[in-house]
Amino acid sequence: MNGTTDQTRHQDRVWSVAEHLDDVLSKIAPLDPIELQLLDAQGCVLVEDITAPVALPPFDNSSMDGYAVRAADVADATDSAPVTLTVIGDAAAGSGELPAVGPGQAVRIMTGAPVPPGAEAVVPVEWTDGGTGQGPAATMRAHSAAPQDAGGEVRVHRPAAAGAHIRARGSDVTEGEPALRAGTVLGPSQIGLLAAIGRGTVRVHPRPRVVVLSTGSELIQPGEPLGPGEIHDSNSFQLTAAARDAGAIAYRVGAVADDADTLRSTLEDQLIRADILVTSGGVSVGAYDVVKETLIALSATEPDGSALAGATVEFRRLAMQPGKPQGFGLIGPDRIPLLALPGNPVSSYVSFELFVRPAIRALMGLPEIHRPTTPARCTEAVASSPKGKRQFLRGSYDADAGTVTPVGGAGSHLIKAMAHANALIIVPEDTTEVPAGTDVDVVLLG
Ligand SMILES: Nc1nc2c(c(=O)[nH]1)N[C@H]1C(S)=C(S)[C@@H](COP(=O)(O)OP(=O)(O)OC[C@H]3O[C@@H](n4cnc5c(N)ncnc54)[C@H](O)[C@@H]3O)O[C@H]1N2
Ligand code: MOO
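Numbering of residues starts from 1 in each chain and follows the order in which that chain's sequence is written. Naming scheme: in the order in which they are written, chains are lettered from A and ligands are numbered from 1. Owing to the predicted nature of the model, reporting of local features is limited to residues with pLDDT of at least 70; listing and counting of side-chain atom pairs is limited to 80 or more, with chain, interface and lining totals taken over all residues.

1. Considering the pairing of strand 18 (residues 276-280)
Consecutive residues of a regular strand have side chains that alternate between opposite faces of the sheet. Inclusion rule: As a rule, residues whose C-beta atom has 12 or fewer other C-beta atoms within 10 Å are exposed, those with 20 or more are buried, and those in between are partly exposed; C-beta atoms are placed from the backbone. Segments assigned H or I by DSSP are reported as helices when at least four residues long, segments assigned E as strands when at least two residues long, and all are numbered from the N terminus. Note: two strands are recorded as paired if DSSP finds a minimum of 2 bridges between them.
Here strand 18 lies mainly inside the structure; five of its five residues are buried. Side-chain alternation along strand 18 places Ile-276, Val-278 and Ser-280 on one buried face and Leu-277 and Thr-279 on a second face that is also buried. Pairing analysis gives five bridges linking strand 14 (residues 209-215) to strand 18, with the strands arranged parallel. Each residue of the ladder has a partner; that of Val-212, found in strand 18, is Val-278.

Dropping the structure here:
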């Protein structure tokens, strides 16, 4: 295959945003499931149906601090004629051995403690004198200060029907019941349920490991002083943060100089820990666009067992602004997806949001892979938008007002405007201006 001719043919064609996205997603499937500890599985998609091996609650227990009693004993209790019961002991949460409650007896019981045999109801402490003999109590006295309250007598001022203030075994989950279905995204409450039914680990699609690599000989690590012509590497930070935000485990590789050998060896080194590779810069038509040069060369090489030969990365122009030049393909023996994003900071971030984020979420098997889009009234006019390109302008979306206001201009170097925006305003391909007050679609950035 003649790689250069092939690439030239692809460069003649302009791809729509949807075509490029479809191409990326068509080559991505959810990662093979693995067994993870509960907290490591947060945000991941369950791949197994989970059946509860135990009932929840596992035993009848009290929902109040009070006294476990026989219902008939307290049926006639009133403020003016309290019923006096003999306290035969305490049932605290975690109590294993419980005294049996006979006629005329009560067990002092704490919230969550098992209901002792013989008891049918719990009378809250506020409906009793708490063992003090001094009228209705507000609380129990601490066991350390008043150990005698675990015995003696209690006066009950109100009746409690059978079952009152008792949480029945299995009233939440019955043993053998389906607890969670495969496909569930594990949030805090799902993780809580899994823990409650005793699961320590679960099978999920793991979070993808995303390696972010910026390129450019002008790039300096933040914190270091700049020399002539140099700028700080912001893309690798922004993209790594975006990868994390999308749900990935992200690794940031410091900026690689515009040198083919360095780029090749860095890619080789990074492949081992990547489920997806993201590069920024070097994809345009300049004389030092090393990402494009290197990956086209590797894609023109037949697979030969070496780490990078036989890659299938294509470079193409998209009908969008920012983000026109893009590269995408598979690389390495494990056919790792690589997305080569343009270097302009807004271009790389917008490209990430549109193409890399859905790819990460597809690798996780998530049901929702795209950012939500909503209509909004544009408060200001957009004087011009390039014909034939879908433009993504930075915007400030106001959910209460249902409006969006453009932030900064269209320039793909406007880092501050991006940082002050919370949405992308979509100006369709066939729209060249947007009068103030027009309804537009906006992508909500979180
Ligand atoms: N003759 C043409 N020139 C350009 C075209 C074109 O069609 N014809 N396309 C323009 C468009 S659109 C874009 S987008 C850029 C893409 O360029 P590259 O991907 O090759 O990116 P670089 O040249 O490496 O950098 C562009 C710009 O962004 C700055 N940059 C790069 N990396 C970082 C980083 N990690 N952190 C912060 N800033 C970064 C870089 O210094 C440049 O200013 O090409 C246009 N040119
Ligand atoms: O995509 Mo370039 O992204 O228009 O600056």
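2. Quick word on the site of ligand 1
Short version of the rule: We call a residue near a molecule or strand if the C-beta atom, set from the backbone, is within 6 Å of it. Lys, Arg, Asp and Glu make up the charged group, whereas Ala, Val, Leu, Ile, Met, Phe, Trp, Tyr, Cys and Pro make up the nonpolar group; the residues left over, Gly among them, are polar.
Close to ligand 1 lie 27 residues, the nearest being Asn-235, Gly-281, Ser-284, Pro-342 and Gly-343. At the level of elements, helix 5 (235-246) and helix 8 (345-363) are the ones that each hand at least two residues to the shell around ligand 1. Its residues placed into classes, the shell around ligand 1 shows nine nonpolar, 14 polar and four charged.

3. Notes on the packing of helix 6 (residues 260-271) against helix 7 (residues 290-299)
Our working rule: Think of each axis as a best-fit line through the C-alpha atoms, taken over the contacting stretch in the case of a helix, with angles from 0 to 180 degrees between the N-to-C directions. An angle below 35 degrees is read as roughly parallel, one above 145 as roughly antiparallel, one from 65 to 115 as roughly perpendicular, and any other as oblique. Here a crossing is called left-handed whenever its near helix is offset anticlockwise from the far helix by less than a right angle, and right-handed whenever the offset is clockwise. Residues are treated as contacting if the C-beta atoms built from their backbones sit within 7 Å of each other.
The geometry of helix 6 relative to helix 7 is characterised by a closest axis approach of 10 Å and an angle of 65° between their N-to-C directions. When the axes of helix 6 and helix 7 are compared, the pair comes out roughly perpendicular. Considering the relative orientation of helix 6 and helix 7, their crossing is right-handed. Contacts between helix 6 and helix 7 involve Ala-260, Leu-263 and Arg-264 on the former and, on the latter, Val-290, Val-291, Glu-293 and Thr-294. The residue makeup of the contact of helix 6 with helix 7, split by class, is four nonpolar, one polar and two charged.

4. Some points on the domain arrangement of the protein
Let me state the cut-off plainly: Each domain's limits were defined by an automated method or a database of domain assignments.
As assigned here, the protein comprises domain 1 (3-31 + 207-363), domain 2 (35-55 + 179-205), domain 3 (61-167) and domain 4 (373-444). Taking only C-alpha atoms, the centre of domain 2 and the centre of domain 3 are 38 Å apart.

5. Overview of the site of ligand 2
Taken together, Gln-321, Pro-322, Gly-323, Lys-324, Pro-342, Asn-344, Ser-347 and Ser-412 make up all the residues around ligand 2. Residues of the shell around ligand 2, tallied by class, amount to two nonpolar, five polar and one charged.

6. Concerning the UniProt feature "domain: MoaB/Mog" (unreviewed entry) in the protein
The following threshold applies: UniProt positions are given in the numbering used here, feature names are shortened, and annotations may be inferred rather than shown by experiment.
In the numbering adopted here, UniProt assigns the feature "domain: MoaB/Mog" (unreviewed entry) to residues 211-362. Spanning residues 211-362, this segment combines 34% helix with 28% strand, and its end C-alpha atoms are found 16 Å apart.

7. Observations regarding unusual backbone geometry
The step from Leu-56 to Pro-57 runs through a cis peptide bond, and the omega angle for that step is -15°. For Pro-57, the location among the structural elements is in the loop between strand 4 (50-51) and strand 5 (61-62). A cis geometry characterises the amide bond from Gln-321 onward to Pro-322, with omega recorded as -5°. Summarising the element assignment, Pro-322 is placed in the loop between strand 20 (320-321) and strand 21 (325-331). The phi torsion at His-165 lies on the positive side, around 60°, for a residue other than glycine. Assignment of secondary structure puts His-165 in the loop between strand 10 (153-156) and strand 11 (166-167). A tally of 21 C-beta atoms within 10 Å means that His-165 is categorised as buried. Look at Arg-335: it is not a glycine, yet its phi comes out positive at around 50°.

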